[in-house]
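Observations on the three-dimensional arrangement
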Amino acid sequence: MTNLLVITGPTASGKTRRAVALAQRLNGEIISADSRQIYRGMDIGTGKDLDEYGEVPYHLIDICPAGYKYNLFEYIRDFDAAEQSIRSRDRLPIVCGGTGLYVESVLNGLRLPEVPQNDELRQRLATKSLDELKAMLEQMKTLHNTTDVDTAKRAIRAIEIQTYYREHPELAANITPQPRTDFLLIGVDIDRESRRRRITERLRQRLDDGMVDEIRRLIDAGVAPDDLIYYGLEYKFITRYVIGESTYDEMFAGLEIAIHQFAKRQMTWFRGMERRGFTIHWLPYDMGDDEFVDAVVELMS
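Below is a summary of the structure that appears in this document.

Below, the discussion takes up the overall build of the protein chain. Summing up its helical and strand segments, the protein chain has 13 helices and eight strands in all. Whereas a compact globule of 301 residues would reach a radius of gyration of roughly 19 Å, the protein chain reaches 19 Å, a difference of no more than 12%. If you line up the protein chain on its principal axes, its C-alpha atoms span 55 × 50 × 35 Å. Summarising the internal contacts of the protein chain: among those between residues at least 6 apart in sequence, 74% fall at separations of at least 24. Carbon and sulfur atoms make up 47% of the accessible area of the protein chain, which amounts to about 14800 Å² in all. Positive and negative side-chain charges of the protein chain, numbering 40 and 49 respectively, have mean locations separated by a distance of 3 Å.

Rendered as structure tokens:
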């Protein structure tokens, strides 16, 4: 029985529209699996597209202030609460998002201890370069992706977590996943050229819609530029443009390349999930909504 429906895929593949169409047909509510849509005020750059939801309830969007450092422990905790809430209304939870770490952790039934901030460790690491931090982290764990080392702040937090696990082996022993079996995992499949075209078109549209002004407002509201850069992609490149570290053309070219690379890393993660035993049912991105929903319903039955 399908008690959890998951819609995932790379950026610009049209996941939200599909999830909304499924929720409307199946009496569902959507739980976001996007690591940046949780932040309030970060709307255009994260592609929330809230108008697409219509009357469909959604969860784990706009739950934290911009500048906050949300983590996997918090996501698992908040996901569990959202899923229980949806089930209490006899509705179907539908996960929608492209953050592979979140999707896989939920489906694996991963449980993590909360890792407190270690100020002494942070002070010791503050003067180290990103390359030095990456080398330290590689000695502590296998780096499956580059997310942990996108910025020095992320790398320091990853080292902080691994240090905590080493100091508390009894907690680390309890993070063995308990995989779920009650889900159906759907991937929105888009060919490379179409994906690249849609990414570029979407980037131009978001800039036209005021993405630069959005980031200026966040900075004016007191969010530190370094905190915005921490979030990567649009917020990294446009913040650097806003504070005068790059020209507009440099920002656009660098950001376009970075988003293409990000989509490629997403697909690498999903292929890795398949190698790790997950069955992803890939459906074409250009199917009509009704056709897509019919195909998912058939898979569910």
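Here the narrative resumes, following the displayed structure.
Y75, L107 and L185 are the most contacted members of the largest nonpolar core, which totals 53 residues. Here the element with the most residues in this core is helix 12 (residues 248-275); it accounts for ten residues. Apart from residues lying up to four places away in sequence, Y75 is in contact with I31, S32, A33, L60, Y70, Y102 and V106. Grouped together as the second largest cluster of nonpolar side chains are 25 residues, A19, I30, F292 and V296 included.

Our next topic: helix 12. Every α-helix winds through 3.6 residues per turn, so residues three or four apart in the chain are directed the same way. A rise of 1.5 Å per residue sets the reference length of helix 12, with its 28 residues, at 40 Å; its end C-alpha atoms lie 41 Å apart and thus fit the reference within 8%. At the exit of helix 12 stands G277, carrying a positive phi of roughly 105 degrees.

With that settled, the discussion passes to helix 2 (residues 72-88). Here helix 2 contains 17 residues, and its C-alpha end-to-end distance of 24 Å stays within 8% of the 24 Å for a straight helix at 1.5 Å per residue. Of the residues that open helix 2, the one with a side-chain oxygen 3.1 Å from the backbone nitrogen of F73 is N71. At the exit of helix 2 stands D90, carrying a positive phi of roughly 55 degrees.

The next thing to look at is the packing of helix 8 (residues 192-208) against helix 12. Remark: helix 8 packs on helix 12, axes separated minimally by 10 Å, with the N-to-C direction vectors making an angle of 135 degrees. The angle between the axes of helix 8 and helix 12 places the two elements in the oblique class. For the crossing formed where helix 8 meets helix 12, the hand is right-handed. In this structure, helix 8 uses R195, R196, I199, T200, L203, R204 and L207 to contact helix 12, whose residues at the interface are Y248, M251, F252, L255, E256, I259, H260, A263, K264 and M267.

Reading guide: rules and limits
- Residues numbered from 1 in each chain as written.
- Predicted model: local features only at pLDDT ≥ 70, side-chain atom pairs only at ≥ 80, totals over all residues.
- Heavy atoms only, no water.
- Helix = DSSP H or I, 4+ residues; strand = E, 2+ residues; numbered from the N terminus.
- Rg over C-alpha atoms; globule rule 2.2 N^0.38 Å.
- Contact = heavy atoms within 4.5 Å.
- Areas by Shrake-Rupley, 256 points an atom, 1.4 Å probe, with all protein chains shown as cover.
- Lys, Arg positive; Asp, Glu negative; His and termini not counted.
- Charge placed at Lys NZ, Arg CZ, Asp CG, Glu CD.
- Core = buried A, V, L, I, M, F, W, Y, C linked by side-chain atoms within 4.5 Å.
- Buried < 20%, exposed > 50% of the residue type's maximum accessible area, 1.4 Å probe, protein only.
- Expected span 1.5 Å × (residues − 1).
- Polar contact = N/O pair within 3.5 Å; in protein donor to acceptor, adjacent residues only side chain to side chain.
- Axes fitted to C-alpha atoms, helices over the stretch in contact; angles between N-to-C directions.
- Parallel < 35°, antiparallel > 145°, perpendicular 65-115°, else oblique.
- Left-handed = near helix turned anticlockwise from the far one by under 90°.

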